[in-house]
Amino acid sequence: MKLSSVKQKMASEIKVEVIRKETIKPSSPTPHHLRSSSLSVFDQLQPEMYIPLLLFYPNNISDDVVNNIDHNSLFAERSKLLKTSLSEALTQFYPFAGEFEYNVSISCNDHGAGFIESQVNCPISKILENPDFEILKQLLPTAVKSKQSEAGHLLLVQVNLFECGGLTIGVNISHKVADAFTLSTFIKSWATIALGSASTASDQVLLPVEFGVAATLFPPQDVFNAPQPIVESIKNNCITKRFVFDASKIAALKSKAASASVPNPTRVEVVSALIWKCALQASKSNLGFRKPSAWNQLVNMRKISGLAMTENILGSLVSLFTVMTVESDEVKLESLVHKLRKGIEKYKEKYAKGFSGEDLIQTMEGLKNLIMKDSIETYGCTSWCRFSFYEADFGWGKPSWMSLCHIESMNTTLLMDTSDGVGIEALLCLEEEHMAIIERNEDLLAYASLNPSVV
């Protein structure tokens with residue numbers, strides 16, 4: 001039986017049954033003067049979609065004890081704690097409980113967050129032994145491409161109970177109110193509240209949360225108040241695969257990629273460069289010639305801007321820099337790492353004294369023009385490395401695995417930490433004919449494992 005057939009059979013056997021849906025409102029009403037939160041131009045330019053996040057918590061209780069535990073009672077207790085702490089967290093992150101008013105503002109009207117409880121008819125180990133995107137999607141409360149009118153809330157949570165007593169927390173949050181930094185800040189605060197509630201005492205200190213700063217620094221633009229034409233690199237024949245680079249392979253790859261110009265490459269640089277190199281090889285193999293290419297690396301502008309007050313801004317504050325190859329370039333790992341290093345250095349130098357909304361608009365116009373050019377292979381990469389998702393302890397330990405399920409934008413790479421914080425998990429979305437070559441690429445498989453077991 002083919003592997004694809006085995007996965008289809010497994011997906012059909014695993015059932016995720018929703019047992020309860022409700023709305024969680026902030027524990028305290030949002031004050032009148034905070035009832036509207038303006039979008040910044042960064043928020044305006046984000047697509048109306050939902051960022052996905054899955055956190056997996058196996059039942060770490062011994063088998064003897066597990067057999068004597070009523071899983072449903074334990075799940076009810078944990079779910080109650082999640083709901084209570086979520087309600088408290090929403091008082092701080094009040095826009096998440098509001099409603100999106102098209103590309104102008106968030107009405108912070110305490111509409112609430114969606115909360116779903118579900119049961120899965122298998123142990124959590126069955127999911128972790130062979131991660132399958134079609135199954136993972138069922139553990140999330142809404143589809144990535146949902147609109148608020150379809151999802152019903154800006155923030156949705158789905159808590160999934162497995163037969164073994166393990167659970168998964170699935171989160172979807174509108175990109176209009178959050179990027180990866182903001183989501184990680186929210187998850188950390190929510191977990192801190194839950195952990196404090198679950199223990200007799202807590203020395204955790206929550207930082208004050210302030211929204212609206214970004215809109216003051218980067219005011220919204222009237223031109224984006226009307227629906228914009230959608231330019232996306234999405235095709236029906238693209239496919240997502242998961243590649244894992246463990247700590248030892250990262251060290252070996254860094255050693256191989258080091259050069260006189262970049263003697264100390266980062267793990268994100270070397271993994272990005274290797275994927276870029278292999279993607280170009282796959283493209284050339286299928287086309288018979290090498291196209292020029294553009295690698296668009298997303299950047300957390302909180303780390304770039306010369307403005308000190310941007311460091312902890314909430315909302316979306318993401319831009320990108322672009323580095324190119326031409327047909328005559330020798331596509332070597334070291335040279336691609338060098339391009340990436342020079343790209344970020346030039347970007348930091350350019351915006352060391354600040355960044356404006358006009359700068360962002362010009363950047364996004366440049367990206368749109370690149371995507372429209374069929375003569376150039378355009379790739380995008382975003383890194384979620386070094387965010388604190390693996391620290392999210394709600395009272396029953398830290399997650400053993402986190403996932404973003406899958407991505408649907410062609411020629412896109414998404415990088416995340418492995419649980420040890422040293423390795424990297426890469427989700428790569430390519431055209432099927434290119435993926436068929438890259439997933440057999442010996443250069444890539446020398447450093448990465450294709451969809452290995454998590455347990």
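If you check an unreviewed UniProt entry, the protein appears there as BAHD acyltransferase At5g47980-like from Prunus mume. According to its UniProt record, the protein has this under Sequence similarities (unreviewed entry): "Belongs to the plant acyltransferase family."

**Q** Describe in detail the pattern of salt bridges, supporting the description with residues and values.
**A** Considering all chains together, one arrives at 17 salt bridges under this definition. When the shortest N-O distance is used, the salt bridge between Lys241 and Glu439 registers 3.3 Å. Separated by 198 residues along the polypeptide, Lys241 in strand 9 (residues 238-245) and Glu439 in the loop between helix 14 (432-438) and helix 15 (442-445) bring together distant segments of the chain. Overall, the relative accessible area of 22% leaves Glu439 in the partly exposed class. Where Lys291 meets Asp374, a salt bridge forms, and the shortest distance between an N and an O atom there is 4.0 Å. Here Asp374 lies in the loop between helix 13 (357-372) and strand 12 (377-383) and Lys291 lies in the loop between helix 11 (267-287) and strand 10 (293-300), a separation of 83 residues in the sequence. Residue classification places Lys291 among the buried residues on the basis of a relative accessible area of 13%. Beyond isolated ion pairs, a larger network of salt bridges with shared partners links Arg20, Glu22, Lys83 and Glu117.

**Q** Which residues make up the sheet that holds strand 2 (residues 36-38), and what are the values?
**A** If you walk across this open sheet you meet the three strands as 2-5-4, and the pairing is antiparallel. Looking along the sheet, the strands with just one partner apiece sit at the ends: strand 2 and strand 4 (99-101). Strand-to-strand twist of the sheet, defined as the mean angle between neighbouring strand axes without regard to direction, takes the value 25°. Bridge analysis of strand 2 against strand 5 (residues 105-107) gives three bridges, and the strand direction is antiparallel. Each residue of the ladder has a partner; that of Ser36, found in strand 5, is Ser107.

**Q** Tell me about the packing of helix 11 against helix 12 (residues 333-350), and name the residues and values.
**A** In a packed pair of helices, the relevant descriptors are the angle between the two axes and the axis-to-axis distance. Two elements in contact, helix 11 and helix 12, have axes separated by 9 Å at closest approach and are oriented at 120°. With respect to helix 12, the element helix 11 is oriented oblique. Handedness of the helix 11/helix 12 crossing: right-handed. Counted together, Glu269, Val270, Ser272, Ala273, Leu274, Trp276 and Lys277 of helix 11 and Leu333, Leu336, Val337, Lys339, Leu340 and Arg341 of helix 12 form the full contact between these two elements.

**Q** Account for unusual backbone geometry, with residues named and values stated.
**A** Residue Asn103 is not a glycine yet carries a positive backbone phi of 55°. Locating Asn103 in the fold gives a position in the loop between strand 4 and strand 5. Positive phi outside glycine occurs at Asp110, with the angle close to 60°.

**Q** Can you explain the sheet that holds strand 16 (residues 449-450)? Please cite residues and give values.
**A** Two pairing modes exist for strands in a sheet, parallel and antiparallel, and in both the strands are linked by backbone hydrogen bonds. One open sheet accounts for seven strands, arranged 11-10-12-14-15-9-16; its pairing is mixed. Strands with a single pairing partner mark the edges of an open sheet, and in this sheet they are strand 11 (318-325) and strand 16. Bridge analysis of strand 9 against strand 16 gives two bridges, and the strand direction is antiparallel. The residue of strand 16 that forms the bridge with Phe243 is Leu450. Strands strand 10, strand 11 and strand 12 of the sheet are contacted by helix 13, whose axis makes an angle of about 45° with strand 11.

Procedures and definitions
Residues numbered from 1 in each chain as written. Predicted model: local features only at pLDDT ≥ 70, side-chain atom pairs only at ≥ 80, totals over all residues. Heavy atoms only, no water. UniProt positions renumbered as here; feature names shortened; annotations may be inferred. Salt bridge = Lys/Arg side-chain N within 4 Å of Asp/Glu carboxyl O. Helix = DSSP H or I, 4+ residues; strand = E, 2+ residues; numbered from the N terminus. Buried < 20%, exposed > 50% of the residue type's maximum accessible area, 1.4 Å probe, protein only. Pairing = 2+ DSSP bridges. Axes fitted to C-alpha atoms, helices over the stretch in contact; angles between N-to-C directions. Parallel < 35°, antiparallel > 145°, perpendicular 65-115°, else oblique. Left-handed = near helix turned anticlockwise from the far one by under 90°. Contact = heavy atoms within 4.5 Å.

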